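Chain residues, written in single-letter form:
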Amino acid sequence: MVGPAPQVFPLVSMRQITKVFPGVVANERVDFAVQAGEIHALLGENGAGKTTLMNILYGLYRPDAGEIWVQGRKVEIRSPRDAIALGIGMVHQHFKLVLPHTVAENVALGLPGTPFWAPARAVAQRLRALSERYGLPVDPDRRVWELSAGEQQRVEILKALIRGAQLLILDEPTSVLTPQEAHELFKVLRNMKAKGHGIIFISHKLDEVLEVADRITVLRRGRVVGTVLPGETTKGELARMMVGREVVFQHTKTACPRGAEALRVEGLYARNDRGLWAVKGVSFCLYQGEILGIAGIAGNGQRELVEVLTGLRRAERGKIFLLGQDVTNRSPRFLSDLGCAHVPEERIRLGTVPALPVEENLILKRHHRPPFCRLSFLNLRSVRAFALRAIEGYGIMTPGPRAPAKLLSGGNIQRLILARELSGKPAVVIAAHPTYGLDVGATEQIRQLLLRQRGEGAAVLLVSEDLEEIMALSDRIAVMFRGEIMGIVPAEEACPEEIGLMMAGERGVRIKG
Amino acid sequence: MRRIGPFLLEPRLTPSRPVVFGVSLAAVVAALLVGAIVFWAYGLSPWRAYAAIGRGIFGSWPSFSEVLRRAIPLVLCGVGLTLAFRARFWNIGAEGQLLAGAVAATGVALFLPAPENLRLPLMFLGGFLAGALWGLIPALLRVKLGVNDVISTLMLNYVMVYIVEWLVHGPWKGPTMRGFAYTDAFPLSARLSYLPHTRVHWLTLVVGLVLAGLVSWMLARTRLGYEVRVVGQNPEAARYAGISFIVVLSLVMVLSGGLAGLAGVGEVAGIHGRLRSPAHISMGYGYTAIIVAWLARGSPLAAVFTALLFGLIFAAGDSMKIALGLPFQITGVFNGLILFFLIGFDLLMFWRVRLGPKGKAWIGRVGS
Amino acid sequence: MDWAGWLISTVSRALAFGVPLLWGTLGEIYAERAGVVNLGVEGMMILGAFTAFAVSQSAGRPGLGLLCAALVAGFAALLHAFITVTLRANQYVSGLALSLFGLGLAGLLGRGWEGKPLRNPMPTLTVPGLSRIPVLGPMFFQDQTALTYIGIVLALVLWVLLFRTRFGVVIRSVGESPATADALGINVGLVRYLCVVFGGLLAGVGGGYLSVAYRPSWTEGMTAGMGWIVIALTIFASWDPLQAVFGAFFFGALYHLSYRLQAFLAPELLKLMPYLFAIVVLAVSGFGRARWRRRAPAALGVPYVRGER
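Residues numbered from 1 in each chain as written. Chains lettered and ligands numbered in written order. Predicted model: local features only at pLDDT ≥ 70, side-chain atom pairs only at ≥ 80, totals over all residues.

Visitor: Please give an account of the overall build of chain A that cites residues and values.
Guide: The helix and strand inventory of chain A stands at 17 helices and 22 strands. The C-alpha radius of gyration of chain A comes to 24 Å, within 12% of the 24 Å expected for a compact globule of 513 residues. Oriented by its inertia axes, the alpha-carbon framework of chain A measures out at about 70 × 55 × 45 Å. When each of the 513 residues of chain A is scored for burial, the buried share is 49%. (Helix = DSSP H or I, 4+ residues; strand = E, 2+ residues; numbered from the N terminus. Rg over C-alpha atoms; globule rule 2.2 N^0.38 Å. Buried ≥ 20, exposed ≤ 12 C-beta atoms within 10 Å, placed from the backbone.)

So, in structure tokens, the structure goes:
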């Protein structure tokens, strides 16, 4: 098949799909169709229902209402097996790979037609052929945990293709890629399009969607807002469709005098969970009254850096000075007591205890000090008073201070964490991906809170994948790539191309313009 | 959300207390119904069997007191285990910790030179410390070397059982015992007194009840209790918050083991008056206490009541032996059944059943 | 002192006593490789021991006894699988309940069968030819039952199956990352059921061996905690069937020595050695556990929920 042949029926058509979870309507009467030889982008904010819709198409969820038609026939997709049999393949945002196994073993898993004995070896042949044809180089014998994110993604795509996927669903595929890798991916996708495959591209990034899609459907709060052609729309219009109101792309940031040195890092080295070096010789200074943004694709050592700075990971070499004191490899409690606040990347897993009530979560790191604790006894009255103040002051929507934290939505959990971390008047705030996955209202509030801390003289280290956020909030921007700092530039002088190059491994290149 | 016929099953995030109680009750009832099948398989009419058991237990004050007497070690071990389970430390070693306490008590009773009026308090102290030590070892092994707590506590049970066997057959064998595997009888100052007409050594019971209250209060009102709850509910967050696992788990296991040790003191000072073969000292109290704690769902105060329930089952076992000629092992069967149903029914706590309109999609409220 | 004779008999008895541990461990390895911990091994083994004895005593055929033992233990494992996979209950507690229940039930049913030796125990073999080799002959090829050799061959077969076939890739993937396997259309629940039941079948044979071959009789509690040692051995063997062979026979030697040394040390203190060693073995395994090859299956002990409500 060459080029998008005129189809009588779309490759896949989803009609009036509705899916309800306890307390939230994830998809409401959604109509969505993809033709062969087209890239159809599914755009929306976090929580708009894009992933849910695709999980339904892939058989991981059952819709509460609606129908799915494939190539003109109505079908029931009860499990991924059915979806695969119908030629639907999915590359999830969080890859579904068995890390200790080899590439070939991962591809061979459940693949019909593989022999009983030594399946991996047989698959390796087919894999090499396919990888040639589609321009996705992989080594079948390497263990998956050794591969980079981009390579792992290629394995995921090949897994789908080897099973005969005509329709490929990609969920936020560029979230783990550098700009260059993203361009490579788009080339591969256009190639697949030319071969007649249909592609669904889920994203919340407007630029990408405008660049690569043939059609764009916008979801908001589970409903379809509209379907447009990229040539006939603008970024602003798409943003408005996504969010429902005018979106301001700038934050007002008042000038702020830089104060004394709050945090100094010298030659820091740390390993990741697999024993490889994740942080290699990182050095920087953080001053009071500024926000230092750490930009970079996830997986380049930011997580490990944050863990070392907050006492959750060992620094193998190097030193950390907090307010002039050497705190290298001290415990999290020591750092927290000294005035270092940590807004963690994994809110629910790390930052809260879901089964405990909101008020007990609010005292989590200071539960051992007055006023909450005297002589090992908890002072319940002061805990309650503090909780009520925090709920009011930070706008945490909760049935009450005794409600278990697991009832809170993502935005409110983050508000809880910020209330806890910021109320102690910390000298240093380390915020890792603080607005990830939150709705616009919560995002704006949190950004304002960080700016306010900066205004009050705190030193803020902001780690984020959202380059726009970094550029809007930071006074200085550092870029991390493969565990090293590629360069630190003042925010007013930085431009996205320069940052993008640094994110891809170029050191401190200045581009005029 | 799942639809089965005309019913709609909705997930429920946090079950309320009445729901938890109701489901637990249902589990116990279901187990008893299956137990009726066991009776029937033995050729007994379940009605008659349960009736005979009822008469055996509730027939007189002395026979009912057996329920209390059996419940005493269950209260102590059960409270200790609720504490351990709250910290998500699977202490299967209450049996061994109980025996450790018994050994220490025997040592103090028979061999320690001490003023007579101090003998009992020293026995309790020694028993607590011995149980605490036996509980501390697996805690340290887990934190420092990652040794699985289930296996280490379990293995230590067997180790302590054989230590006791060795003692009563060897160095501590009572010269006055004419070749039986007993130690000498304890002096009077080392014996606990009973409630009249019973074998209820009330002092231990009082200690157990007081400690149940203290542990419950400790969990809610102290820093250690808070840290225990965080460690048990979300170990990652505990680490992030700077809570020291080694301190928390060590203290938890010292208390848990110590409580079981006290139970051991009660058994030798109260019931037997000597150290004898382990199977006679503890009829699986340590293992039964696991179910006592599980049914109490983390509340030390509730453990007092569940301990009574299982005291009842033990007394029923005695009654079944006497009245129906059934072997005592049948209590193991009942206990296992109850535990099975408890965890099996757990799932029910997290679902709600409703009658939903057929066919049409049911759109719920948009939540927070 | 006849050192050669002592060595020969120690190795020979170590093999014999390691058999139930080997069969139990091989089964548990498969269950845990699929991601399910089954602490009910003790209960399954004792039920197997009783069933094997009762059937063999009544029917006069030890082979039939072993078959029935496997089926009974397999059924018990099915219960555990149902509770942990379908009802998604806590795997550790379910296994514990199974053991308590099994021990109680076996004790209950076993009343009246005690004290009578099995009239037709499983025969021991002497491998023709090989048994004539000096030293090694009597060590490995005499006085063993068929189960010893079947057990070793089984370990080999199970290793090949786990690491060199399609089955094995599926099983290991289900244990490492059930979400991945599920997304590729594999029936995670079915794989777990099969592996857990398989573990039960083998545990039943292991338990049955005790009452039908090793010490042909029935005594209450005759497994003496062997099921728990199986759990420790599974970890010690790094979930590898071949390493399980060495682990099982090592412990077999330990058990045997604890009888042999009774002349020198109090018997009770010797009896506690295997249990102490299980802890030591786990403590030692704790070092260097982080390496990928020796890690537990990542999803072990966690009930799999698709995320579907």
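From this point, things continue past the structure.
Visitor: Lay out the overall build of chain B in plain terms, naming residues and giving numbers.
Guide: Along chain B, the regular secondary structure elements total 14 helices and three strands. Taken over the C-alpha trace, chain B has a radius of gyration of 23 Å; the compact-globule value for 368 residues is 21 Å, and the two agree within 12%. The dimensions of chain B, computed from C-alpha atoms along their principal axes, are 85 × 60 × 30 Å. Burial analysis of chain B (368 residues in total) assigns 52% to the buried set.

Visitor: Report on the interface of chain A and chain C, specifying residues and quantitative values.
Guide: Opposite the 22 residues of chain A that make contact, chain C presents 20 residues. Those elements that provide at least two residues to the side of chain A that touches chain C are helix H2 (80–85) and helix H3 (103–108) of chain A. Top element by residues in the side of chain A that touches chain C is H2 of chain A. It accounts for three residues. Along the lines of polarity and charge, the residues of the side of chain A that touches chain C split into 15 nonpolar, four polar and three charged. (Contact = placed C-beta atoms within 7 Å. Nonpolar A, V, L, I, M, F, W, Y, C, P; charged D, E, K, R; others polar.)

Visitor: Just give me the short version of the nonpolar core, but keep the residues and values in it.
Guide: In this structure, Leu-57, Val-428, Leu-462 and Val-479 of chain A, Cys-77 of chain B together with Ala-232 of chain C are the most contacted members of the largest nonpolar core, which totals 379 residues. Per-element accounting of this core gives the leading share, 14 residues, to helix H9 (residues 188–214) of chain C. When we break this core down by domain, the ones giving at least three residues each are domain 1 (1–44 + 326–368) and domain 2 (63–323) of chain B. Discounting chain neighbours no more than four positions away, the residues touching Val-428 of chain A are Ala-262, Leu-263, Leu-286, Leu-322, Gly-339, Cys-340, Ala-341, Ala-458 and Ala-459 of chain A. (Core = buried A, V, L, I, M, F, W, Y, C linked by C-beta atoms within 7 Å. Domains from an automatic or database assignment.)

Visitor: I'd like a rundown of unusual backbone geometry, residues and numbers included.
Guide: Along the chain, Pro-370 of chain A connects to Pro-371 of chain A via a cis peptide bond; the corresponding omega equals 5°. Structurally, Pro-371 of chain A can be placed in the loop between helix H12 (358–362) and strand S17 (373–374). Backbone geometry places Arg-297 of chain B, a non-glycine residue, at a positive phi of 45°. We classify Arg-297 of chain B as partly exposed; it has 18 C-beta atoms within 10 Å.

Visitor: Could you give an account of the domain arrangement of chain B, with specific residues and numbers?
Guide: Residues and elements named next belong to chain B. By domain assignment, chain B separates into domain 1 (1–44 + 326–368) and domain 2 (63–323). Distance between the C-alpha centres of domain 1 and domain 2: 31 Å. Across the boundary between the two partners, domain 1 contributes 13 residues, which contact eleven residues of domain 2. Of all the elements in the fold, those that place two or more residues in the side of domain 1 that touches domain 2 are helix H1 (17–41) and helix H14 (330–349). In terms of residue count, the dominant contributor to the side of domain 1 that touches domain 2 is H14 (eight residues). Class assignment for the residues of the side of domain 1 that touches domain 2 results in nine nonpolar, four polar and no charged.

Visitor: Describe the pairing of strand S11 (residues 261–271) of chain A, with residues and values.
Guide: Residues and elements named next belong to chain A. Here S11 runs beside strand S12 (residues 277–287); their pairing, made up of eight bridges, is antiparallel. Considered in S12, the bridge of Ala-270 is made with Val-279. Taken together, S11 and the strand that follows it, S12, pair antiparallel across an intervening segment of five residues, in which Gly-275 is found at a positive phi of about 90°. Pairing of S11 with strand S14 (residues 317–322), which is carried by five bridges, proceeds in the antiparallel orientation. Counted as the bridge partner of Leu-263 is Leu-322 from S14. (Pairing = 2+ DSSP bridges.)

Visitor: If you had to explain the interface of chain C and chain B to someone new, which residues and values would you point to?
Guide: Taken together, the 38 residues of chain C in the interface contact 38 residues of chain B. Broken down by element, the residue count for the side of chain C that touches chain B peaks at twelve residues, all from helix H4 (residues 91–109) of chain C. Split by residue class, the side of chain C that touches chain B holds 26 nonpolar, six polar and six charged.

Visitor: Can you lay out the sheet that holds strand S2 (residues 24–34) of chain A for me, pointing to particular residues and giving the numbers?
Guide: The strands making up a sheet are joined through hydrogen bonds of the backbone, oriented either antiparallel or parallel. All names here are of chain A. Spatially, four strands are ordered S2-S1-S4-S5 in an open sheet, and the strand pairing comes out antiparallel. One side of each edge strand has no neighbouring strand; the edge strands of this open sheet are S2 and strand S5 (73–75). Each adjacent strand pair in this sheet contributes to an overall mean axis angle of 30°, direction not counted. Taken together, the three bridges between strand S4 (residues 65–70) and S5 define a ladder with antiparallel strand orientation. Considered in S5, the bridge of Val-70 is made with Arg-73. Relative to the sheet, helix H1 (residues 50–57) contacts strand S1 (12–21), S2 and S4, its axis offset from that of S1 by approximately 115°. (Axes fitted to C-alpha atoms, helices over the stretch in contact; angles between N-to-C directions.)

Visitor: Before we move on, can you summarise the environment of Leu-68 of chain B with the specific residues and values?
Guide: Residue and element names in this part refer to chain B. Looking at the secondary structure, you find Leu-68 in helix H3 (residues 61–86). In sequence terms Leu-68 and Ala-316 are 248 residues apart; their C-alpha atoms lie 12 Å from each other. Non-local contacts of Leu-68, meaning those with residues more than four positions away in its chain, are made with Val-200, Leu-205 and Gly-311.

Visitor: Break down the sheet that holds strand S20 (residues 459–463) of chain A for me, with residues and values.
Guide: All names here are of chain A. An order of S16-S19-S20-S13-S21-S22 is seen for the six strands of this open sheet, with the pairing classed as mixed. In the strand order of this sheet, the two ends are held by strand S16 (340–343) and strand S22 (484–490), each with one partner. Averaged over neighbouring strand pairs, the angle between their axes works out to 15° when direction is ignored.

Visitor: Can you break down the packing of helix H4 (residues 94–111) of chain B against helix H10 (residues 245–272) of chain B residue by residue, with the values?
Guide: Residues and elements named next belong to chain B. For the pair H4 and H10, interaxial distance at closest approach is 6 Å and the crossing angle is 55°. Judged on the interaxial angle alone, H10 and H4 are oblique. Helix-helix and strand crossings are classified by hand; for H4 and H10 the assignment is right-handed. Contact residues: H4 offers Ala-94, Gln-97, Leu-98, Leu-99, Ala-100, Gly-101, Ala-102, Ala-104, Ala-105 and Thr-106, while H10 offers Gly-257, Ala-260, Gly-261, Leu-262, Ala-263, Gly-264, Val-265, Glu-267, Val-268 and Ala-269. Its residues placed into classes, the contact of H4 with H10 shows 13 nonpolar, six polar and one charged. (Parallel < 35°, antiparallel > 145°, perpendicular 65-115°, else oblique. Left-handed = near helix turned anticlockwise from the far one by under 90°.)

Visitor: Could you give me a rundown of the environment of Gly-113 of chain A, with the residues and numbers involved?
Guide: With respect to the secondary-structure elements, Gly-113 of chain A resides in the loop between H3 and helix H4 (119–134). It is 9.4 Å that separates the C-alpha atoms of Gly-113 of chain A and Val-123 of chain A, two residues lying ten residues apart in sequence.

Visitor: For the packing of helix H5 (residues 119–145) of chain B against H10 of chain B, give the residues involved together with the corresponding values.
Guide: Residue and element names in this part refer to chain B. At a closest axis distance of 6 Å, the pairing of H5 and H10 adopts a crossing angle of 140°. With respect to each other, H5 and H10 are oriented oblique. The crossing of H5 and H10 is right-handed. Split by residue class, the contact of H5 with H10 holds 21 nonpolar, nine polar and one charged.

Visitor: Explain helix H13 (residues 380–394) of chain A residue by residue, including any values.
Guide: An α-helical turn contains 3.6 residues, so any two residues separated by three or four positions project in the same direction. Residues and elements named next belong to chain A. Here H13 spans 21 Å end to end across 15 residues, near enough to the 21 Å set by a 1.5 Å rise per residue. Buried within H13 are the following residues: Val-383, Phe-386, Ala-387, Ala-390, Ile-391 and Tyr-394. When H13 is viewed along its axis, its buried side chains cluster within an angular range of 135° and face the same direction. Exposed residues lying more than 90 degrees from the buried face of H13 are Arg-381, Glu-392 and Gly-393. Considering only its buried residues, H13 is in contact with H12, strand S18 (377–378) and helix H14 (410–422). (Expected span 1.5 Å × (residues − 1). Arc of directions from axis to C-beta.)

Visitor: Quick rundown of the confidence of the model for chain B? Include the residues and the values.
Guide: Per-residue pLDDT for chain B has a mean of 85; in total, 92% of the residues score no lower than 70. Note on residues 358–368 of chain B: pLDDT under 50 across the span, and 20 contacts to partners over four residues away in sequence or across chains. (pLDDT = per-residue confidence, 0-100.)

Visitor: Can you explain the environment of Thr-174 of chain A? Please cite residues and give values.
Guide: Residue and element names in this part refer to chain A. The residue Thr-174 is located in the loop between strand S7 (167–171) and helix H6 (179–194) in this model. Residue Thr-174 is classed as buried on the basis of its C-beta count, with 21 C-beta atoms lying within 10 Å. Sequence spacing of Thr-174 and Gly-150 is 24 residues, and the spatial spacing of their C-alpha atoms is 9.0 Å. The contact partners of Thr-174, leaving out residues within four places of it in the chain, are Ala-182, Leu-185, Lys-205 and Glu-208.

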